[in-house]
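As a plain string of letters, each chain reads:
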Amino acid sequence: MQFPAWSESQALEVISRTCDEPGPVLVTLQAVQTYFGYVPDAAVALIANACNVSRADVHGVLTFYHDLRTELPPEVSIHLCVAEACQSMGSRQVMEDSRKAFVTNSSVEIRDAYCLGNCALAPAASVNGNLRGRVSAQSLVAEVAKL
Ligand code: FES
């Protein structure tokens with residue numbers, strides 16, 4: 001995925017859109033990450049200032065949620081569901097096989113997810129945000145090859 005380079009002025013524009021919403025810190029962190037692909041250190045002070053909270057508050061939220069990231073994501077991000085329905089359909093094995101298949105590919109990350117809302121097509125995954133069902137390590141390798 002391509003994201004724009006960090007820009008303080010652009011970050012302030014993004015931040016200004018969300019700081020008045022309920023739960024402003026989390027919403028603003030998500031907005032910054034959606035725009036830039038991650039939340040750089042420089043954004044923490046900007047968010048704290050705009051949302052009128054401490055840097056520690058922003059840092060606490062940033063480090064609590066594992067989907068928030070402080071570094072640019074790799075080219076391909078796979079979220080593989082390991083919640084109950086998907087586990088019952090073999091997602092743990094898909095996870096293990098996929099990690100082996102991509103072990104030498106640093107442009108691919110595989111992360112756990114807990115229900116992607118696609119339980120009827122378990123095991124489910126999302127590849128760069130695109131929902132997939134009945135996945136296997138082979139189908140994920142084939143999909144990544146197309147990207
Ligand atoms: S349990 Fe995997 S998508 Fe719902």
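Only a predicted model underlies this, so the values are computations on that prediction, with no experimental measurement involved.

Chemist: Outline the sheet that holds strand E3 (residues 125–127), supporting the account with residue identities and numerical values.
Modeler: Read from one edge of the open sheet, 4 strands run E2-E1-E3-E4, paired in mixed fashion. Every other strand in the sheet has two partners, leaving strand E2 (108–113) and strand E4 (130–132) as the edge strands with one partner each. Here the strands of the sheet are splayed against their neighbours by 25° on average, with no regard to which way each runs. Bridge count for E3 against E4 is 3 bridges, and the pairing is antiparallel. Residue pairing for E4: Ala125 is matched across the bridge by Arg132. Helix H6 (residues 91–101) rests against strand E1 (76–81) and E2 of the sheet, and its axis sits at about 160° to E2.

Chemist: An account of the packing of aromatic side chains is requested, with residue identities and associated values reported.
Modeler: Counting across every chain of the model gives 3 aromatic pairs. Ring centres of Trp6 and Phe36 lie 5.0 Å apart, and the angle between their planes is 50°; this geometry places the pair in the tilted category. Of the two residues, Trp6 is situated in the segment before helix H1 (8–16) and Phe36 in helix H2 (residues 24–36); the sequence distance between them amounts to 30 residues. A centroid spacing of 4.8 Å and a plane angle of 75° characterise the contact between Tyr35 and Phe36, whose relative ring orientation is edge-to-face. The structure contains a cluster of three or more aromatic residues connected by ring pairs, namely Trp6, Tyr35 and Phe36.

Chemist: I'd like a rundown of the domain arrangement of the protein chain, residues and numbers included.
Modeler: Segmenting the protein chain into domains produces domain 1 (8–64) and domain 2 (76–146). A straight line from the C-alpha centre of domain 1 to that of domain 2 covers 29 Å.

Chemist: Go over the packing of H2 against helix H4 (residues 55–64), please, and point to the residues and values.
Modeler: Packed helices, taken two at a time, are described by the angle their axes make and the gap between the axes. At their nearest, the axes of H2 and H4 sit 10 Å apart, and the two run at 65° to each other. Along this stretch, H2 crosses H4, giving a crossing that reads as right-handed. On the side of H2, the interface is formed by Val25, Leu26 and Leu29, while H4 contributes Val58, Val61 and Leu62. In terms of residue class, the contact of H2 with H4 is built from 6 nonpolar, no polar and no charged.

Chemist: Kindly report on the environment of Ser7, identifying the contributing residues and their values.
Modeler: Relative to the helices and strands, Ser7 is located in the segment before H1. Sequence-wise, Ser7 and Ala42 are 35 residues apart; in three dimensions their C-alpha atoms are separated by 9.7 Å. A distance of 3.1 Å separates the side chain of Ser7 from the backbone nitrogen of Gln10, its partner in a polar contact.

Chemist: Give me helix H7 (residues 137–146): which residues, what numbers.
Modeler: Residues of H7 that are buried: Ala137, Leu140, Glu143 and Val144. End-on view of H7: buried residues confined to an arc of 125°, all on one side of the axis. Turned more than 90 degrees off the buried face of H7, the exposed positions are Gln138, Ala145 and Lys146.

Chemist: I'd like a rundown of the state of the cysteines, residues and numbers included.
Modeler: By definition, a disulfide is the covalent link that joins the sulfur atoms of two cysteine residues. Summed over the entire model, instances satisfying the criterion amount to 1 disulfide. Covalently, Cys19 is tied to Cys51 through a disulfide, its sulfur atoms 2.1 Å apart. Handedness here is read from the sign of the S-S torsion; for Cys19 and Cys51, about -80°, the answer is left-handed. On the criterion of sequence distance, the pair formed by Cys19 in the loop between H1 and H2 and Cys51 in helix H3 (residues 41–51) is long-range, its members being 32 residues apart. Take Cys19 and Cys51: they sit in the same class, and that class is buried.

Conventions adopted
- Residues numbered from 1 in each chain as written.
- Predicted model: local features only at pLDDT ≥ 70, side-chain atom pairs only at ≥ 80, totals over all residues.
- Heavy atoms only, no water.
- Pairing = 2+ DSSP bridges.
- Helix = DSSP H or I, 4+ residues; strand = E, 2+ residues; numbered from the N terminus.
- Axes fitted to C-alpha atoms, helices over the stretch in contact; angles between N-to-C directions.
- Contact = heavy atoms within 4.5 Å.
- Phe/Tyr/Trp six-rings, centres within 6.5 Å; stacked < 30°, edge-to-face > 60°.
- Domains from an automatic or database assignment.
- Left-handed = near helix turned anticlockwise from the far one by under 90°.
- Nonpolar A, V, L, I, M, F, W, Y, C, P; charged D, E, K, R; others polar.
- Polar contact = N/O pair within 3.5 Å; in protein donor to acceptor, adjacent residues only side chain to side chain.
- Buried < 20%, exposed > 50% of the residue type's maximum accessible area, 1.4 Å probe, protein only.
- Arc of directions from axis to C-beta.
- Disulfide = S-S within 2.5 Å.

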